Amino acid sequence: MQQVNLGMIGGGTVGSGVFHALQLNGGLLASRTGVKVNVRKIAVKAVDEPRPYRIPEAMMTTDWEGVVNDPQVDIVAELAGGTGIARTMILTALKLGKPVITANKALLSAHGEELFAAANDHGTNLYYEASVCGGIPIIKSVREGFVGNRITHLYGIVNGTCNYILTRMKLEGIEFDQVLKDAQAQGYAEADPSLDVDGHDALHKIGILASLAHGFWVKPEKIHFEGIRSITQTDIRFANQLGYTVKLLGIIKSAEGEGSKGEGRATKGEAFAGSLTKEKRSRSIGSALQDASATKARNGARVQVTVYPTLVPNTHVLSSINHVFNAVFVRGDVVGDTLFYGRGAGSDATASAVLSDLADASLDLKFETKHRLPPFVPHEKDGAVLPIDEVVSRYFVRLNVVDMPGVLAQVSNILGNASIGISSVIQPQGHEGKSVPLILMLHDAPNGAVSRALKKIGELPVVKAAPVMIRVENFE
Ligand code: HSE
């Protein structure tokens with residue numbers, strides 16, 4: 001049987017998991033691909049660092065260059081992480097024409113365009129299944145499984161730490177800070193939680209998926225993102241009362257079919273919804289929304305690519321994705337709705353994704369080809385990310401107001417003048433003369449119009465704290 005030699009960089013959570021999975025299932029992999037993968041060397045930061053699975057000392061070195069440049073190493077797996085030296089490691093391997101496997105979402109988000117071009121220029125492939133949602137084969141599914149579809153909608157719960165915190169906040173009624181502390185103590189959250197809870201990690205993953213789905217490179221600075229630090233028990237309770245659950249959702253949504261000339265590309269579902277809702281839309285969507293649609297129609301294909309806390313209806317399957325699990329909901333114009341669920345992080349789940357890439361890289365070498373579906377097919381050359389001000393959604397708004405006559409009229413006046421419709425209002429009883437939460441659900445409107453209106457509302461003397469706004473997704 002043909003053999004290939006793997007050089008690994010990184011022997012921590014992911015690297016040692018890959019080493020262990022190869023011990024466990026290397027034979028199975030070989031029987032399926034006809035190629036035996038032999039781990040030649042593993043470059044590590046320190047031989048004695050703690051790791052979930054043992055690696056024999058003789059397998060390890062601290063010289064990554066020695067591993068990459070070793071003429072006996074056929075495939076390189078960069079599992080070290082970070083955006084500094086990791087870029088050099090990958091470029092060095094690609095320049096030698098070696099297939100590279102990476103789990104590094106932050107690096108791909110920042111330098112993906114350059115790295116994929118380098119792979120192409122040097123006649124090899126860069127594989128990255130482990131970079132998004134760990135064990136869920138979402139890269140392969142979007143890249144290959146849905147090659148015959150336009151991906152009109154993709155919704156992802158792609159950060160396990162945030163999902164774990166939001167799940168416990170909902171189920172146990174405790175505040176963010178307390179759950180975070182507890183999650184850190186139990187090792188579910190990092191000591192510096194910012195990458196996760198402020199939305200950066202989800203942004204990296206959603207950017208990669210958006211580039212893949214829409215065939216133009218989505219730069220991270222174009223992606224509007226928000227984390228979950230501002231979510232409170234009050235929001236979670238009122239959302240639940242209204243039939244919703246708060247999730248940190250990555251959204252990739254074709255802006256076509258929302259009133260511009262995109263009908264030719266609308267999904268079956270959209271075409272149906274379009275005929276049902278046209279009249280409703282003209283009633284409920286104000287002039288601000290029509291202005292946004294007109295701007296959109298003048299431009300090329302535009303896509304919403306965002307990460308923010310979102311109210312998901314309790315009747316939608318994504319509302320029940322709990323704890324550290326990830327899920328991705330993909331709608332294609334041919335296939336319709338699909339759902340992927342699994343562990344998005346951890347040694348074993350991520351190792352499963354790396355082994356899948358290893359099979360592909362082994363086959364490339366066996367058949368002496370680099371020809372696979374390109375990672376980023378430029379089918380939407382004029383594509384662009386929709387500016388957040390033009391993104392249209394519904395809204396949950398929480399105000400803290402003085403409970404006295406005329407307050408609601410002042411608030412609704414500002415919203416009405418901005419052509420923003422209110423779909424429901426909740427105000428708990430028994431707070432006369434004191435400050436009280438006032439919850440509003442708003443109809444479809446562009447983010448820009450809502451932000452401006454909320455700024456004005458926040459300046460009213462009867463409003464006692466900055467308005468809180470959480471977007472609502474109804475998956476239509
Ligand atoms: N820290 C990430 C998460 C996993 O919590 O989902 C790695 O991207």
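S.K.: What is the right way to look at the overall build of the chain in this model?
M.R.: Broken down by element type, the chain carries 15 helices and 17 strands. Residue burial in the chain is summarised as follows: out of 476 residues, 53% are buried. For the chain, the proportion of contacts with a sequence separation of at least 24, taken over those separated by at least 6, is 78%.

S.K.: Help me out: how do you make sense of the site of the ligand in this one?
M.R.: Lining the immediate environment of the ligand, one finds Lys 105, Asn 159, Gly 160, Thr 161, Asp 196, Asp 201, Lys 205 and Ala 345. Contact between the ligand and Lys 105: an oxygen atom at 2.9 Å from a side-chain N or O atom of the residue. Lys 205 has a polar side-chain atom sitting 2.9 Å from an oxygen atom of the ligand. If the ligand stood free it would expose 260 Å²; the protein chains cover 80% of that surface. Counted by class, the shell around the ligand contains 1 nonpolar, 3 polar and 4 charged residues.

S.K.: Hey, could you run me through the side chain of Glu 473 in this one?
M.R.: Mapped onto the fold, Glu 473 is located in the segment after β17 (468-472). Side chain to side chain, Glu 473 and Tyr 155 meet in a polar contact 3.1 Å long. Within the structure, the side chain of Glu 473 is placed 3.0 Å from the side chain of Lys 253, a separation counted as a polar contact. If we skip the residues at most four places from it in the chain, Glu 473 touches Tyr 155, Ile 251, Lys 253, Thr 310, Leu 311, Val 312 and Pro 313.

S.K.: How do you make sense of the pattern of salt bridges when you look at a structure like this?
M.R.: Any two side chains of opposite charge can pair, given that their charged atoms come close. Taken as a whole and judged by the stated rule, the model has 20 salt bridges. When the shortest N-O distance is used, the salt bridge between Glu 476 and Arg 394 registers 3.2 Å. In this pair, Glu 476 is assigned in the segment after β17 and Arg 394 in strand β14 (residues 392-402), connecting sequence segments 82 residues apart. For Glu 476, a relative accessible area of 52% gives the class exposed. Salt bridges here are not isolated pairs; linked through shared partners, they connect Lys 140, Glu 144, Asp 360, Asp 364 and Arg 372.

S.K.: Help me understand the pairing of strand β16 (residues 435-446), please; the structure alone is not making it clear to me.
M.R.: Along a regular strand, successive side chains alternate from one face of the sheet to the other. Burial runs high along β16: 9 of the 12 residues are buried. Of the strand pairs in this sheet, β14 and β16 are connected by 10 bridges, and their pairing is antiparallel. When the bridges of β16 are listed, Arg 398 appears paired with Ile 439. With 4 bridges joining them, strand β15 (residues 422-426) and β16 adopt antiparallel strand pairing.

S.K.: Is there a simple way to think about the sheet that holds strand β1 (residues 2-9) in this case?
M.R.: Strand-to-strand pairing in sheets goes through backbone hydrogen bonds, with the strands running parallel or antiparallel. One open sheet accounts for 6 strands, arranged β3-β2-β1-β4-β5-β6; its pairing is parallel. The outermost strands of the open sheet, each flanked by one partner alone, are β3 (60-61) and β6 (126-127). The pairing of strand β5 (residues 100-102) with β6 spans 2 bridges and is classified as parallel. Bridge pairing links Val 100 to Leu 126 in β6.

S.K.: Looking at this structure, how should I read the packing of aromatic side chains?
M.R.: The description of two aromatic rings rests on the distance between their centres and on the angle between their planes. All chains considered together, the criterion is met by 8 aromatic pairs. Ring plane angle 35° and centroid distance 4.5 Å describe the contact between Tyr 164 and Tyr 188, whose orientation is recorded as tilted. Taken together, the positions of Tyr 164 in helix α6 (residues 160-172) and Tyr 188 in the loop between α7 (176-185) and α8 (194-197) put the pair 24 residues apart, joining distant regions of the chain. Its relative accessible area of 42% is what places Tyr 188 among the partly exposed residues. Where Phe 325 meets Tyr 341, the ring centres are 4.8 Å apart and the plane angle is 10°; that geometry is what we call stacked. Residue Phe 325 is found in strand β11 (residues 325-332), and its partner Tyr 341 is found in strand β12 (residues 336-343); the two are separated by 16 residues along the sequence. Overall, the relative accessible area of 21% leaves Phe 325 in the partly exposed class. Taken together, the aromatic side chains of Phe 116, Tyr 128 and Trp 217 make up a single cluster linked through ring pairs.

The rules behind these values
Residues numbered from 1 in each chain as written. Predicted model: local features only at pLDDT ≥ 70, side-chain atom pairs only at ≥ 80, totals over all residues. Heavy atoms only, no water. Helix = DSSP H or I, 4+ residues; strand = E, 2+ residues; numbered from the N terminus. Buried < 20%, exposed > 50% of the residue type's maximum accessible area, 1.4 Å probe, protein only. Contact = heavy atoms within 4.5 Å. Near = heavy atom within 4 Å. Polar contact = N/O pair within 3.5 Å; in protein donor to acceptor, adjacent residues only side chain to side chain. Areas by Shrake-Rupley, 256 points an atom, 1.4 Å probe, with all protein chains shown as cover. Nonpolar A, V, L, I, M, F, W, Y, C, P; charged D, E, K, R; others polar. Salt bridge = Lys/Arg side-chain N within 4 Å of Asp/Glu carboxyl O. Pairing = 2+ DSSP bridges. Phe/Tyr/Trp six-rings, centres within 6.5 Å; stacked < 30°, edge-to-face > 60°.

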